[in-house]
Amino acid sequence: MIKKISYSEFIREVESNILDFMPEDFANAEVSVRKVTKVNVDKYALNIRRTNEKISPTLYLDSFYKEGKYLNDTLKLIADTYVDYVNDSTINFRNINVVDKFLDVKNIIFSLINAEKNAELLKNVPHRMFYDLAIVYRSVIDVNANGIGSILIRNEHMPLLKLSEDDLYKNAFENSKKMFPITISSIDKYISESRGVPFPFPDDEDNALMYIISNNVNVNGAGYFLYMEETLEKLAQKYKCNLYILPSSINETIAALDFTSEINSGCFINMVRRINVETVDENDILSDNIYYYDRNKKTISMITKLGEKYEFCANRRSRKD
């Protein structure tokens, strides 16, 4: 039986002993483990920086602890994962000028997060509100087989960037879909392809009642429904109906066709809230509320419970420079 150590003990073990499991060229590296505020949760981040390296990758430790393996096996897995990331990265960690990449406005993208769950985080980052959600900004530093390496833009970065929040929004809105293009697919096709299985019924793609809106990497793609002309309006005009917008996670949203305008919105709300509790990882929860797109008004409203709608006014958005 594996003896479970506490998370604080686990963190100390990683910080003290991880170099024993790293290759020889990490022998004199500097190890740091720190608590960082991430979307929806706080996490512990591991950085291992070798001599003459200007930056180093960040690896979050929570998932390794949850696996519950023997400590030495876990430390080896952490070390192997870290080395794989370094080897697969397009960044030369010794020569890269990360500041240049960070300051390049062409690398700024946006993501959508829950405002209430991230109230403390939002005190320290430029953002703008969209109902119960907040648009935040990131600067992409690296894209490789392991994912997207990016830095959340904080208030302290604003003097370096010399940009207002409006500037961030305009650049991020332009860049995001260029770097990571918009995708719209039926929910059946999305599920099939996410399992690595080709969608067997291509002719049924136009007969679906629900569509996934995201980006081509399905990372931080929930906000892509804000490209209304290319997503919501496109679907609404094609099927000649209004749409319910269901916050599946921070990575994607679901557009559900409302052919009759008599669908019980309370059923959708209950479904979203149940899925958030039972299925969606806490880190990925976007909202317990749903939204509604009116194809004639070309507006999005928020629904918190049956019959209770809030209209969004762009001139009343909340923002922080």
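Scroll up to find the structure this text is about.
Below is a summary of the structure that appears in this document. Residue positions are given per chain, counting from 1 as you read along its sequence in written order. With the structure being a predicted model, the display of local features is reserved for residues of pLDDT at least 70 and the display and counting of side-chain atom pairs for 80 or more, all residues being used for whole-chain, interface and lining totals. Excluding hydrogens and water, the side-chain figures rest on all heavy atoms present in the structure.

### Topic: the overall build of the protein
Argument step 1. Helices and strands together make up the secondary structure of the protein, namely ten helices and 15 strands.
Argument step 2. Buried residues in the protein amount to 46% of all 321 residues.
Argument step 3. Across the protein, contacts joining residues at least 24 apart in sequence account for 63% of those joining residues at least 6 apart.
Argument step 4. A total accessible area of about 17100 Å² is found for the protein, and carbon and sulfur atoms account for 48% of it. Going along the chain from the N terminus, every DSSP run of H or I of four or more residues is numbered as a helix, and every run of E of two or more is numbered as a strand. To sort residues, take the accessible area from a 1.4 Å probe on protein chains only and compare it with the maximum for the residue type: under 20% means buried, over 50% means exposed, and anything in between is partly exposed. Any two residues whose heavy atoms approach within 4.5 Å at even a single point are treated as in contact. For the accessible areas, the method is Shrake-Rupley and the probe is 1.4 Å, while residue cover comes only from the protein chains on display.

### Here we look at the environment of A134
Argument step 1. By secondary structure assignment, the location of A134 is in strand β6 (residues 133-144).
Argument step 2. Take A134: its relative accessible area is 0%, and that puts it in the buried class.
Argument step 3. Sequence-distant contacts of A134, defined by excluding residues within four places in its chain, comprise S111, L112, I113, A115, L122, H127, R128 and M129.

### Here's the deal with the sheet that holds strand β2 (residues 42-49)
Adjacent strands of a sheet form backbone hydrogen bonds with each other and so pair up, either parallel or antiparallel.
Argument step 1. Any two strands are treated as partners once DSSP identifies two or more bridges connecting them. Read across the sheet, three strands follow the order β1-β2-β3 without closing on themselves; strand pairing throughout is antiparallel. Each edge of the sheet is formed by a strand with only one pairing partner; in this case those strands are β1 (30-37) and β3 (58-60). Direction aside, neighbouring strands of the sheet carry axes that sit 30 degrees apart on average.
Argument step 2. Across three bridges, β2 lies against β3 in antiparallel orientation. Residue L46 lies in a different strand from β3, and its bridge partner there is L59.
Argument step 3. Here the axes come from fitting lines to C-alpha atoms, over the contacting stretch only for helices, and the angles between their N-to-C directions go from 0 to 180 degrees. Strands in contact with helix α1 (residues 7-17) are β1 and β2; relative to β1, the strand with the most contacts, it is inclined by about 145 degrees.

### Notes on the nonpolar core
Argument step 1. In this structure, Y137, I153, L168, F225, L232, L243 and I300 are the most contacted members of the largest nonpolar core, which totals 42 residues.
Argument step 2. Apart from residues lying up to four places away in sequence, F225 is in contact with L112, F130, I213, T231, L232, I245, T253 and I300.
Argument step 3. Listed in part, the 21 residues of the second largest apolar core include I11, V14, L46 and V86. What makes a nonpolar core is a set of buried Ala, Val, Leu, Ile, Met, Phe, Trp, Tyr and Cys residues whose side-chain atoms join them at distances within 4.5 Å.

### Describing the pairing of strand β12 (residues 290-294)
Argument step 1. Counting buried positions over the five residues of β12 gives five, a clear majority of the element.
Argument step 2. Strand direction decides the pairing type here: strand β10 (residues 242-249) and β12, joined by three bridges, are antiparallel. When the sheet's bridge partners are listed, L243 is paired in β12 with Y293.

### Focus on the environment of I300
Argument step 1. You can see I300 is positioned in strand β13 (residues 299-305).
Argument step 2. Classification of I300 as buried rests on a relative accessible area of 6%.
Argument step 3. When the C-alpha atoms of I300 and M228 are compared, they prove to be 9.3 Å apart, with 72 residues separating the residues in sequence.

### Concerning the packing of aromatic side chains
We describe a pair of aromatic rings using the distance from one ring centre to the other and the angle between the two ring planes.
Argument step 1. Each Phe, Tyr or Trp ring, with Trp reduced to its six-membered ring, pairs with another whose centre is within 6.5 Å; inter-plane angles below 30 degrees give stacked pairs, above 60 give edge-to-face pairs, and intermediate values give tilted ones. Enumeration according to the criterion identifies 17 aromatic pairs in this entry.
Argument step 2. Judged by centre distance (6.0 Å) and plane angle (55 degrees), the rings of F110 and Y227 are tilted. Remark: Y227 occurs in the loop between β9 (210-215) and α9 (232-239) and F110 occurs in strand β4 (residues 108-114); sequence separation between them is 117 residues.
Argument step 3. Consider the rings of F130 and Y131, whose centres lie 5.0 Å apart with planes at 75 degrees: the pair is edge-to-face.
Argument step 4. Here F130 falls in the buried class, since its relative accessible area comes to 7%.
Argument step 5. Taken together through their ring pairs, the aromatic side chains of F110, Y169, F173, Y224 and Y227 make up a single cluster.
Argument step 6. A positively charged side chain is recorded as over a ring if its NZ (Lys) or CZ (Arg) lies within 6 Å of the ring centre. The angle to the ring normal must also be within 35 degrees. Taking NZ or CZ as reference, K43 lies 5.5 Å from the ring centre of Y60, over its face.
Argument step 7. Directly above the aromatic system of Y169 lies the positively charged group of R128, at a separation of 4.0 Å from the ring centroid.

### Here's the deal with α1
Argument step 1. The complete set of buried residues in α1 reads F10, I11 and V14. Buried residues in α1, looked at end-on, bunch into an arc of 100 degrees, giving them a common side. This arc is taken over the directions from the axis of the helix to the C-beta atoms.

### As for the pairing of β9
Argument step 1. Burial analysis of β9 places five of its six residues in the buried class, which makes it a mostly covered element.
Argument step 2. Where strand β8 (residues 182-186) lies against β9, five bridges are found, and the strand directions are antiparallel. From the neighbouring strand, I184 faces β9, where its bridge partner is I213.
Argument step 3. Direction of pairing for β9 relative to strand β11 (residues 252-258): antiparallel, over a ladder of four bridges. Bridged to M210 within β11 is A256.

Remember that the coordinates give geometry; whether it matters functionally is a separate question.
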